[in-house]
Amino acid sequence: TKLEILMVINATLSEASKEDFEGLKNLTDLNLSKNLIEKLPVDVFEDLKNLKKLILDDNKIQMLPPKIFMENSNLVELSLMNNNLQSINDETFKNLKALKRLYLTGNKLEDLKSGTFDNNEELMVLHLTRNELKYIPENIFEKNTALRFDKSKFSDNKCIDGSKKITDLAIF
C-alpha cells in the first residue's frame, strides 16, 4: 500500500504488533498516542524502514526492548511523552543515526546511562522535563554536537550532574 501517514489516536488500543503494520512499507509517520499500550514487542516497527516520525505519547509504556528501533535508522522524530518509562537501555537509540528530536517528557526515568545518546549525533532537541532523574553521567552529551540546549528542556528533575543541576545544563 502507498499509505504514508497512519494515526490511531485515542482508540483504546492496548497492544501493537508487527502484523498490525504488515505491508505498510511506505509509512513515514505513525501516531499511536492516547491509547492504552503498556508493552511493545521488539519487532513491532521492524518492517517500517521508511518511518521518519513516531509518536507514542500518552500511553502506559513501561519499558522499551533494547533493539526495538534497530531497523528504523531513518527516524527523525521520536516522542514517548507521558508514559511510564522507568529506564532506557543504552542500546535503545543506538541505530537512530538520523534522530533530531527526542521527547521523553513526563515519564518516570530515574537515570540515564553513559552511551545512551552516543550514536545520535544529529540530535538537536531533547526533552526530559517532568521525570525523576537523579543522575546523568557527566559526559553523556559529548557526542551530541548538534544538541541545542536552548531548544531542549530538562526542568522538574532532581538531577545533579557534577556540581550542576540538570536545569543548569543550558549553560554548557
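The preceding data block contains the structure.
Calculation notes
Residues numbered from 1 in each chain as written. Predicted model: local features only at pLDDT ≥ 70, side-chain atom pairs only at ≥ 80, totals over all residues. Heavy atoms only, no water. Pairing = 2+ DSSP bridges. Helix = DSSP H or I, 4+ residues; strand = E, 2+ residues; numbered from the N terminus. Axes fitted to C-alpha atoms, helices over the stretch in contact; angles between N-to-C directions. Core = buried A, V, L, I, M, F, W, Y, C linked by side-chain atoms within 4.5 Å. Buried < 20%, exposed > 50% of the residue type's maximum accessible area, 1.4 Å probe, protein only. Contact = heavy atoms within 4.5 Å. Salt bridge = Lys/Arg side-chain N within 4 Å of Asp/Glu carboxyl O.

Q: Would you take a moment to explain the sheet that holds strand 3 (residues 53-55) for this structure?
A: Paired through backbone hydrogen bonds, the strands of a sheet run either parallel or antiparallel to each other. The sheet built from six strands is open, its strands ordered 1-2-3-4-5-6 with parallel pairing. Unpaired on one side and paired on the other, strand 1 (5-7) and strand 6 (125-127) mark the two borders of the sheet. The mean angle between the axes of side-by-side strands here comes to 0°, regardless of whether they run parallel or antiparallel. Bridging between strand 5 (residues 101-103) and strand 6 involves three bridges; their strand directions are parallel. When the sheet's bridge partners are listed, Tyr-103 is paired in strand 6 with His-127.

Q: What am I meant to see in the nonpolar core here?
A: For soluble globular proteins, nonpolar side chains are generally found buried alongside one another. Leu-40, Phe-45, Leu-78 and Leu-126 are the most contacted members of the largest nonpolar core, which totals 41 residues. Sequence-distant contacts of Phe-45, defined by excluding residues within four places in its chain, comprise Phe-21, Leu-30, Leu-40, Leu-54, Leu-56, Ile-68, Phe-69 and Asn-72.

Q: I keep staring at the pattern of salt bridges and nothing clicks. Help me out?
A: A side chain of one charge can pair with a side chain of the opposite charge when the charged atoms of the two come close. Applying the stated criterion to the full structure yields six salt bridges. Of the charged contacts in the structure, one is a salt bridge between Glu-91 and Lys-67, with a shortest N-O distance of 3.7 Å. Of the two residues, Glu-91 sits in the loop between strand 4 (77-79) and strand 5 while Lys-67 sits in the loop between strand 3 and strand 4, which places them 24 residues apart along the sequence. A salt bridge links Asp-118 to Lys-143, with the nearest nitrogen and oxygen atoms 4.0 Å apart. Separated by 25 residues along the polypeptide, Asp-118 in the loop between strand 5 and strand 6 and Lys-143 in the loop between strand 6 and strand 7 (160-161) bring together distant segments of the chain. Owing to a relative accessible area of 39%, Lys-143 belongs among the partly exposed residues under this scheme. Taken together, the salt bridges that share partners define one network made up of Lys-67, Glu-91 and Lys-94.

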